[in-house]
Amino acid sequence: DSGVTQTPKHLITATGQRVTLRCSPRSGDLSVYWYQQSLDQGLQFLIQYYNGEERAKGNILERFSAQQFPDLHSELNLSSLELGDSALYFCASSLGGSQVGSPLHFGNGTRLTVT
Amino acid sequence: GESVGLHLPTLSVQEGDNSIINCAYSNSASDYFIWYKQESGKGPQFIIDIRSNMDKRQGQRVTVLLNKTVKHLSLQIAATQPGDSAVYFCAENRETSGSRLTFGEGTQLTVNP
């Protein structure tokens, strides 16, 4: 068990809808990362938050947004959903925000299916 | 462009054999490398890591080798077991990108009994 908790585990919704994915990092970790994993694809970095502030941005669509709250949990909001947004969404956490040399610890993901 | 990629998408071995999973990277500025294991329905699980100032690092039944000259990383699993069946990803971290990781495409390891 990595200590990173993601909810819900599964989510099925229709095109055009909006969903919110939630992540609680490991106790003590200040950074939260969101990754997308499509079918047969590797993990694509979306965005990172450190202690409530956005730290780094990857290939995140404008329809997607995230935030990290004072209690350090994070939410990823996906809006105007399209069929191509169907994927596994993973949250990871780490202690620091910018130093090289720390592994990320991943949750078990939220499987999003857009119909 | 900069990328971290894997040589083979699938690898099939017999139980008890040693497995070698390879990874190529293109950015010589990469400082830190990690191997993750992902089982079906689960998130990536940390296996072993290595810094760019090292050539080899050993863990329990696993060894990571780093060849900076040819930008090549490998994961060796000794006495492979059925429980080792999973997708293995290499990931890299470079100082210019902070603490986030860039992942390769993954290798599916199948262990035959």
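The structure we're discussing is the one just above.
Since the structure is predicted, the reported quantities are computational estimates derived from the model, not experimental observations.

### Topic: the pattern of salt bridges
Should their charged atoms come close, side chains of opposite charge can pair. All told, the structure shown has 6 salt bridges over all chains when counted by the stated rule. Put simply, K68 of chain B and D55 of chain B hold a salt bridge, and the shortest N to O gap is 3.2 Å. Here the residue K68 of chain B occupies a position in the loop between β7 (62-67) and β8 (72-77), and D55 of chain B occupies one in the loop between β5 (45-51) and β6 (56-58), the gap between them amounting to 13 residues. Among the ionic contacts, a cluster of salt bridges with common partners joins R63, E82 and D85 of chain A.

### Details of the pairing of β8 of chain B
Residue and element names in this part refer to chain B. Bridge count between strand β3 (residues 19-25) and β8: 6 bridges; the pairing is antiparallel. In the strand pairing of β8, A24 is matched with H72. Summarising the sheet, β7 and β8 pair through 6 bridges and their orientation is antiparallel. Each residue of the ladder has a partner; that of T63, found in β8, is Q76. Once β7 ends, the chain turns through 4 residues before running back antiparallel as β8, passing K71 with a positive phi of about 55°.

### So, the sheet that holds strand β8 (residues 74-78) of chain A
Residues and elements named next belong to chain A. The strand order across the open sheet formed by 4 strands is β1-β3-β8-β7, and the pairing between neighbours is antiparallel. Both edges of this open sheet fall to β1 (5-7) and β7 (64-68), since each of them pairs with a single strand only. Ignoring which end each strand starts from, the neighbouring axes of this sheet average 15° apart. Pairing of β7 with β8 involves 5 bridges; the strand directions are antiparallel. What sits directly across from F64, in β8, is L78.

### Structural notes on the state of the cysteines
What makes a disulfide is a covalent bond joining the sulfur atoms belonging to two cysteines. Residue and element names in this part refer to chain A. Taken as a whole and judged by the stated rule, the model has 2 disulfides over all chains. There is a disulfide in this structure between C23 and C91, and the S-S distance comes to 1.8 Å. Because the sign of the S-S torsion sets the handedness, a value of about -55° for the bond joining C23 and C91 places this disulfide among the left-handed ones. Here C91 lies in strand β9 (residues 87-94) and C23 lies in strand β3 (residues 19-24), a separation of 68 residues in the sequence. Its relative accessible area of 0% is what places C23 among the buried residues.

### Side note on the side chain of S99 of chain B
The residue S99 of chain B is located in the loop between β9 (86-93) and β10 (102-103) in this model. Residue classification places S99 of chain B among the buried positions, given a relative accessible area of 2%. In this structure the side chain of S99 of chain B is engaged in a polar contact, spanning 2.6 Å, whose partner is the side chain of Y33 of chain A. At a separation of 3.3 Å, a polar atom in the side chain of S99 of chain B contacts the side chain of Q48 of chain A. If sequence neighbours within four positions are ignored, S99 of chain B has contacts with Y33, Q48, G96, G97, S98, Q99 and L104 of chain A together with N93 of chain B.

What counts, and where the lines are drawn
Residues numbered from 1 in each chain as written. Chains lettered and ligands numbered in written order. Predicted model: local features only at pLDDT ≥ 70, side-chain atom pairs only at ≥ 80, totals over all residues. Heavy atoms only, no water. Salt bridge = Lys/Arg side-chain N within 4 Å of Asp/Glu carboxyl O. Helix = DSSP H or I, 4+ residues; strand = E, 2+ residues; numbered from the N terminus. Pairing = 2+ DSSP bridges. Axes fitted to C-alpha atoms, helices over the stretch in contact; angles between N-to-C directions. Disulfide = S-S within 2.5 Å. Buried < 20%, exposed > 50% of the residue type's maximum accessible area, 1.4 Å probe, protein only. Polar contact = N/O pair within 3.5 Å; in protein donor to acceptor, adjacent residues only side chain to side chain. Contact = heavy atoms within 4.5 Å.

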